[in-house]
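Spelled out from the first residue to the last, the chains are:
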Amino acid sequence: MVGETDAVVTGLGATTPLGGDVASTWDALLAGRSGIGLIEEEWAAGLPVRIAGRLRVEPTEVLDRPKARRLDRCQQMALIAAREAWADAGAPEVEPERLAVVIGTGVGGVLSTLAQDEVLRNSGARKVSPYTVPMLMPNGPAAMVSMELGARGGAHTPVSACASGAEAIAMGLDLIRLGRADVVVAGGAEACVHPLTIAGFAQARALSTRNDAPQEASRPFDTSRDGFVLGEGAALVVLERAGFAAARGARVHAALAGAGTTSDAHHITAAHPDGQVRAIRLALASAGLDALDIEHVHAHATSTPIGDVTEAHSIAEAIGTHPAVTATKSMTGHLCGAAGAMGAISAILTLRDGVIPATRNVDDLDPEIKLDVVTGRPRHGRLTAALTNSFGFGGHNASLIFTPAP
């Protein structure tokens, strides 16, 4: 039962390696298509990893070019996703002081930072763009979207590595439950496909090296997985206080029933299962649900040898092995700071449409994965509740629970 002060989802927006909007991305996920390909630029030639999930639609094809030139790529993506989500929500009429924005990112405007550093080194200080600082700021996406929508209830930026997008949505839930906002635009944006980030992740042995088979490289839960594939994109949702949405007759995609966030205090890159289990259990308590109520899990599942097993054990301990599990990073790659928000949209659409996308490239399920992983074809059926997981370097854990539209 959704109360008047609970949060519901009324708008969805995204731009991803599978499509320039939510509908095309969702269609591609259900069709099992991959958005991962070979990096064609010359700068990738000498790298050990030359594959990534690049945007299907370039932001400059959507945004006004003069405006786009003043924005970092992650800000461009956030603006595109925000416009779609806002329109999908019906452009709610809300007092500016009751409208907030929360957009997480892992690294912010790293592409602008590195590009302008190169300009400085090669051409001198006078050639550096006057928009450099606004473009590199991690809070840039939230700031740009808040200005676009006239949001004066706060513009916030969780920076929690690959848990950032999910933490942003969790913060949006808090703002609504605490009575500080009636509407919150929340999610994540990330654009960090660059030789430095690829080289750094490769040196950490975190990336798949399947350069000869890009579409088969991301293999969550498969015995032959060898690392994640770096991706880029943005995903945002419009959250509304349930009573506010009902009063204006808004269409509701799903309810955001609960959220849980924890930190491991353990290791900068290695996850600890205790933190993941606690995040899931906190989300259950926040939603007022039992483990058996969760019938679907959108797993973080990046396709790393250790990470996938750790998460599988955490899910089994906190919930059990009964939920149907999927991992859409097998098709999008790892969108880092946007991953949790994209996972949330997948879970929301699963509840709305009654269909779970199949995990791609699971040819041989790891025997240590004692979960019901959806493979081959999408699975149809109405569900009572869905959980999404997001975990990030630094020991950040975030779990969200969605239930069908009231």
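Residues numbered from 1 in each chain as written. Predicted model: local features only at pLDDT ≥ 70, side-chain atom pairs only at ≥ 80, totals over all residues. Heavy atoms only, no water.

Caption draft 1: View of unusual backbone geometry. In this structure, A161 is a non-glycine residue whose phi angle is positive, near 55 degrees. Positive phi outside glycine occurs at A301, with the angle close to 30 degrees. Looking at where A301 falls in the secondary structure, it is placed in the loop between β9 (296-298) and α11 (305-318). (Helix = DSSP H or I, 4+ residues; strand = E, 2+ residues; numbered from the N terminus.)

Caption draft 2: Quick peek at the side chain of E167. If you trace the backbone, E167 turns up in helix α7 (residues 164-177). It is R278 that comes nearest to the buried, bridge-free E167 among opposite-charge side chains, at 11 Å. At 2.9 Å, the side chain of E167 and the side chain of S160 are in polar contact. Sequence-distant contacts of E167, that is, excluding residues within four places in its chain, are made with P158, S160, T261, H396, N397 and A398. (Buried < 20%, exposed > 50% of the residue type's maximum accessible area, 1.4 Å probe, protein only. Lys, Arg positive; Asp, Glu negative; His and termini not counted. Salt bridge = Lys/Arg side-chain N within 4 Å of Asp/Glu carboxyl O. Polar contact = N/O pair within 3.5 Å; in protein donor to acceptor, adjacent residues only side chain to side chain. Contact = heavy atoms within 4.5 Å.)

Caption draft 3: Spatial organisation of the pairing of strand β8 (residues 254-263). Most of β8 is tucked away: eight of the ten residues are buried. Of the strand pairs in this sheet, strand β1 (residues 7-15) and β8 are connected by three bridges, and their pairing is antiparallel. Each residue of the ladder has a partner; that of V8, found in β8, is A255. Looking at chain direction, β8 and strand β15 (residues 396-404) are connected through nine bridges and run antiparallel. Residue T262 lies in a different strand from β15, and its bridge partner there is N397. (Pairing = 2+ DSSP bridges.)

Caption draft 4: Broad picture of the packing of helix α3 (residues 73-88) against helix α6 (residues 140-149). Relative orientation of the contacting elements α3 and α6 amounts to 40 degrees, with a least axis distance of 9 Å. Comparing the axis directions of α3 and α6 gives the class oblique. The chirality of how α3 crosses α6 is right-handed. Here α3 contributes C74, Q75, A78, L79, A82, R83 and W86 to the contact with α6, which in turn contributes G140, P141, M144, V145, E148 and L149. When its residues are assigned to classes, the contact of α3 with α6 shows nine nonpolar, two polar and two charged. (Axes fitted to C-alpha atoms, helices over the stretch in contact; angles between N-to-C directions. Parallel < 35°, antiparallel > 145°, perpendicular 65-115°, else oblique. Left-handed = near helix turned anticlockwise from the far one by under 90°. Nonpolar A, V, L, I, M, F, W, Y, C, P; charged D, E, K, R; others polar.)

Caption draft 5: Just the state of the cysteines, in detail. Per the counting criterion, the structure on display carries zero disulfides. Among the cysteines around C162, which has no disulfide bond, C336 carries the closest sulfur, lying 4.3 Å off. On the accessibility criterion, C162 (13% relative accessible area) is buried. In this structure C192 is a free cysteine whose sulfur lies 4.4 Å from that of C336, the closest cysteine sulfur available. C192 sits in the buried class, given a relative accessible area of 4%. (Disulfide = S-S within 2.5 Å.)

Caption draft 6: Here's a closer look at the environment of A255. Relative to the assigned elements, A255 resides in strand β8. The class for A255 is buried, based on a relative accessible area of 3%. Sequence-wise, A255 and I401 are 146 residues apart; in three dimensions their C-alpha atoms are separated by 8.6 Å. Residues within four places of A255 in sequence aside, it is in contact with V2, A7, V8, I401, F402, T403, P404 and A405.

Caption draft 7: Region of interest: the pairing of strand β4 (residues 99-104). In terms of burial, β4 is a largely internal element, six of the six residues being buried. Burial along β4 is two-sided: the residues L99, V101 and I103 and A100, V102 and G104 are all buried. Summarising the sheet, β4 and strand β6 (residues 183-190) pair through six bridges and their orientation is parallel. What sits directly across from G104, in β6, is G188. Relative to strand β5 (residues 155-156), β4 runs parallel, the two sharing two bridges. Paired with V102 across the strands is H156, a residue of β5.

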